[in-house]
Amino acid sequence: MSKFSLNTLGKLLADKSGLSQVEAELFIRKMFDVCNQGLEADKQVKIKWLGTFKVQATKDRESINVNTGERFTIEGRDKLTFTPDNILKEIVNKPFAQFETVVVNDGVDFDEIDEKFGEEQTEDAPAQVIDFLDEEKTATPNPEAVVNGSEKEKEKEAEDELAKQIAIEQAKLERLKQAQLEQERIQKEKQEQERLEQERLEQEKLEQERLEQERLEQERLEQERLEQERLEQERLEQEKLELAQQQQALKAVVEPAVPASDESEDEEEEEESSNSHHIVIPRYLVVAVCLIVVALIGGMGWFAFNYGQMTAQRDHLAMQLNQYHQAPAKKVPAKPAAAPLSQEQKLRQKAMEDSIRMAKTAEAVKLAENSDEESASAEKAKQTEAKAKAEAKEKAKDKTEEKAASKIASSQYDKDARVRTGAYRIIGVAQTVTVGAGQTLEQISTRYLGSGMECYVEALNGTSTVKAGQKIKIPKLELKKKKK
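Residues numbered from 1 in each chain as written. Predicted model: local features only at pLDDT ≥ 70, side-chain atom pairs only at ≥ 80, totals over all residues. Heavy atoms only, no water.

## Considerations on the overall build of the protein
We count it as follows: The helix and strand labels rest on DSSP assignments: H or I over at least four residues marks a helix, E over at least two residues marks a strand, and numbering proceeds from the N terminus. The buried label goes to any residue with under 20% of its type's maximum accessible area, the exposed label to any with over 50%, and the partly exposed label to all in between, with areas taken from a 1.4 Å probe on protein chains only. Residue contacts are counted whenever heavy atoms from the two residues lie within 4.5 Å of one another. The Shrake-Rupley method, run with a 1.4 Å probe sphere, supplies the accessible areas, and residue values consider only the shown protein chains as cover.
Summing up its helical and strand segments, the protein has 11 helices and 7 strands in all. The 484 residues of the protein split such that 12% are buried. A separation of at least 24 residues holds for 57% of the contacts in the protein among residues at least 6 apart in sequence. Surface summary for the protein: the accessible area is close to 40,400 Å², and the carbon and sulfur share equals 55%.

## Brief notes about helix H1 (residues 6-17)
Test applied: By this rule the span expected of a helix is its residue count minus one, scaled by 1.5 Å. When we speak of the arc, we mean the arc of directions from the helix axis to the C-beta atoms.
Taking 1.5 Å per residue as the helical rise, H1 with its 12 residues ought to reach 16 Å, and the 16 Å between its terminal C-alpha atoms agrees with that figure. Here H1 has its buried residues at Leu 6, Gly 10 and Ala 14. Buried residues of H1 fall within an arc of 70° about the axis and therefore sit on the same side. Exposed residues lying more than 90 degrees from the buried face of H1 are Asp 15 and Lys 16.

## Considerations on the packing of aromatic side chains
Remark: the centre distance and the inter-plane angle together describe each pair of aromatic rings, the angle taken between the planes. Note the following rule: Aromatic pairs are defined between Phe, Tyr and Trp rings, using the six-membered ring for Trp, whenever the two ring centres lie within 6.5 Å; interplanar angles under 30 degrees are classed as stacked, those over 60 as edge-to-face, and all others as tilted.
According to the stated counting rule, one finds 2 aromatic pairs in the structure shown. Residues Phe 53 and Phe 82 carry aromatic rings whose centres are separated by 4.8 Å and whose planes lie at 40° to one another, so their mutual orientation is tilted. Of this pair, Phe 53 sits in strand S2 (residues 51-58) while Phe 82 sits in strand S5 (residues 77-84), and the two are 29 residues apart along the sequence. Overall, the relative accessible area of 36% leaves Phe 82 in the partly exposed class. The interplanar angle of 85° and the centroid separation of 6.4 Å between the aromatic rings of Tyr 424 and Tyr 456 together place this pair among those described as edge-to-face. Taken together, the residues Tyr 424 in strand S6 (residues 424-434) and Tyr 456 in helix H11 (residues 454-461) connect sequence positions 32 residues apart.

## What to know about the pattern of salt bridges
Formally: Salt bridges are defined by distance alone: a side-chain nitrogen of Lys or Arg within 4 Å of a carboxyl oxygen of Asp or Glu.
If you walk through the whole model with that rule in mind, you get 22 salt bridges. With a closest N to O distance of 2.5 Å, Glu 224 and Arg 220 form a salt bridge. Placement of both Glu 224 and Arg 220 in helix H5 (residues 149-254) is noted, with a separation of 4 residues, approximately one turn of the helix. When its relative accessible area of 35% is taken as the criterion, Glu 224 is described as partly exposed. The exposure class assigned to Arg 220 is partly exposed, which follows from its relative accessible area of 35%. Arg 230 is the partner of Glu 234 in a salt bridge, and the nearest nitrogen-oxygen pair spans 2.6 Å. In this pair, Glu 234 and Arg 230 both sit in helix H5, 4 residues apart, roughly one turn of the helix. Taking relative accessible area as the criterion, Glu 234 reaches 41% and is therefore assigned partly exposed.

## Remarks on the sheet that holds strand S1 (residues 44-47)
Here is the rule we go by: Pairing between two strands requires that DSSP report at least two bridges joining them. Note on method: axes are straight lines fitted to C-alpha atoms, helices fitted across the in-contact stretch only, with angles between N-to-C directions ranging 0 to 180 degrees.
Strands sit in the order S1-S2-S5 across an open sheet of 3 strands; the sheet is antiparallel. Lying at the two open borders of the sheet, with one neighbouring strand each, are S1 and S5. If you compare each strand with its neighbour and ignore which way they point, the axes differ by 20° on average. Relative to S2, S1 is paired through 4 bridges, and the arrangement is antiparallel. Bridging across to S2, Gln 44 finds its partner in Lys 54. Here helix H2 (residues 21-42) sits on the sheet and contacts S1, S2 and S5; the angle it forms with S1, its principal contact strand, is near 135°.

## Observations regarding a nonpolar patch on the surface
Here is the rule we go by: Like-charged residues within 9 Å of one another, or nonpolar side chains (Val, Leu, Ile, Met, Phe, Trp, Tyr) within 5 Å, are grouped into patches, provided each residue has over 30% relative accessible area and no salt bridge.
Where nonpolar side chains cluster on the molecular surface, the patch consists of Trp 49, Ile 87 and Ile 91 and spans about 350 Å² of accessible area. Looking at where Ile 91 falls in the secondary structure, it is placed in helix H3 (residues 86-93).

## Digging into a negative patch on the surface
What counts, and what does not: Positive charges come from Lys and Arg alone, negative charges from Asp and Glu alone, with His and the N- and C-terminal ends not counted. Working definition for charges: the position is that of NZ of Lys, CZ of Arg, CG of Asp or CD of Glu.
On the surface, Glu 153, Glu 155, Glu 157, Glu 159, Asp 160 and Glu 161 cluster together into a negatively charged patch. Mapped onto the secondary structure, Glu 155 falls in helix H5. Classification of Glu 155 as partly exposed rests on a relative accessible area of 44%.

## Regarding the packing of helix H10 (residues 441-448) against H11
Basically, it comes down to this: Any angle that is under 35 degrees is reported as roughly parallel, and any over 145 degrees as roughly antiparallel; angles of 65 to 115 degrees are reported as roughly perpendicular and all others as oblique. Handedness of a crossing is defined here by the sense of rotation of the near helix relative to the far one, left-handed for an anticlockwise turn of less than a right angle and right-handed for a clockwise turn. By the convention adopted, Pro, Cys, Tyr, Trp, Phe, Met, Ile, Leu, Val and Ala count as nonpolar, Lys, Arg, Asp and Glu as charged, and the other residues, Gly among them, as polar.
The N-to-C vectors of H10 and H11 enclose an angle of 110°; their axes lie 8 Å apart at closest approach. Viewed along their axes, H10 and H11 adopt a mutual orientation that is roughly perpendicular. Judged by the twist between their axes, the crossing of H10 over H11 is right-handed. Side by side, H10 and H11 meet where Leu 441, Glu 442 and Ser 445 of the first sit next to Glu 454, Val 457 and Glu 458 of the second. Residue composition of the contact of H10 with H11, grouped by class: 2 nonpolar, 1 polar and 3 charged.

## Some remarks on the side chain of Glu 239
In plain terms, the rule: N or O atoms within 3.5 Å of each other form a polar contact, as long as, within protein, one can give a hydrogen and the other can take it, and as long as residues adjacent in sequence are counted only when both atoms are side-chain atoms.
As for its position among the elements, Glu 239 is in helix H5. Overall, Glu 239 belongs to the buried group, its relative accessible area being 18%. One polar contact links Glu 239 to Arg 235, side chain to side chain, over a distance of 2.5 Å.

## What to know about the packing of H1 against H2
Orientation of H1 relative to H2, taken along the N-to-C sense of each, is 115°, at an axis distance of 8 Å. Taken as axis vectors, H1 and H2 run roughly perpendicular relative to one another. You can see that H1 and H2 cross each other, and the crossing is right-handed. Contact with H1, carried on its side by Leu 6, Asn 7, Leu 9, Gly 10, Lys 11, Leu 13 and Ala 14, involves Gln 21, Ala 24, Glu 25, Phe 27, Ile 28 and Arg 29 of H2 and no other residues of that element. Its residues assigned to classes, the contact of H1 with H2 comprises 7 nonpolar, 3 polar and 3 charged.

## Focus on the confidence of the model for the protein
To keep it simple, the criterion reads: pLDDT measures how confident the predictor is about each residue, on a scale from 0 to 100.
Per-chain confidence: the protein averages 76 in pLDDT, with 76% of residues scoring 70 or above. No element of the protein has a lower mean pLDDT than helix H6 (residues 263-276), at 52, and none a higher one than S1, at 91. Every residue in residues 124-148 is under pLDDT 50, and counting partners more than four places away or in other chains gives 21 contacts. Note on residues 328-337: pLDDT is under 50 here. Beyond four places in sequence and across chains, it has 1 contact.

Here it is in structure tokens:
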């Protein structure tokens, strides 16, 4: 089996990837360091497109020395196994694709072949394995392998030179890394300054926009204030004109009823009218005053009209009374005539008659109102009583129907002997639940009704088995009354 040193692998990688010799060897060292750390931590490392490295522990086992025939014990150890990836397996097996697979019959014993192959592999392992993880800890060389001392010294000198080059390259990389970090820091500071400057400019722009908006808002408010003042002045002027028109109309209405002979009153009215131009009176107050004046004038006219009618009626009654007193005097001359009533007595008598008539009218109106209220209250009481009776009948009917429905439902579920002989009866459905994963009917019954109540759930749903996602009805139970 051919072996490759770290220098050879570095050259191959440099030729394939275009890297320098030092960078390629440094990459290989780092890769094996990472693999070693992964194996120590997780006992397994998987590299895509390459394969899987895995640490397996072997137990102690006995073996025979083929030269002396003595039996000895091989101590257990940890061995590293490699399982190639399918892509790597296809690449390796591609040159042997023309060979056919031979199926070995059952019953063939391969123990001796495996033991022999294992002993050969154990003897040849130090010459075949190359430790890329730590070159200071090299494997114990095989005494049978012949190594030339000058070549070993040359190889050691090459490795020392390579280590020096690696150290130089690492220093260069460190300096490049530091220079790159310094450049990135300078770039970040520059970007930060640009960002701060941009934020400052944006803040100044926003401040200017805010001041401009405030100025526009103040101008708008000032214009609105001036517009409101103008409208207020126009409204006041309009109210003044309307007030003047109303005063003129009121004066035209009141002037015929008020004598205008007194010059002092005219002067006072002129002064009040002149002063009224300087006083703003609300429109509703003017309308109210006008309505009050019109009502007073109408009341005075109505009183005058009624007073005239009462006077005419009183005179008519007095005339009839005089005629009545004068007629018996003509027929019975012997009886002295009654003295005629004076005007004051007639008025007093008329007032008494009017008072009696008004008292009778008020009493009749009061009796009518009382009778209307009594009839209304009686009608309301009748309606309330009828409504209460109807509600009581409706409740009794609902209760009867509910009892009948519960009896029918209970008798329906009494077909089950457990429900029929149990202490409760089913009167309806309390709620509906969904069966969860792994739940049984007994668990659902114990959760909602208690232990030993699954017979009621089975009787209501008509099944004793449930499955996840099924809807199950939980019965509403009522304690059966004991028969006396």
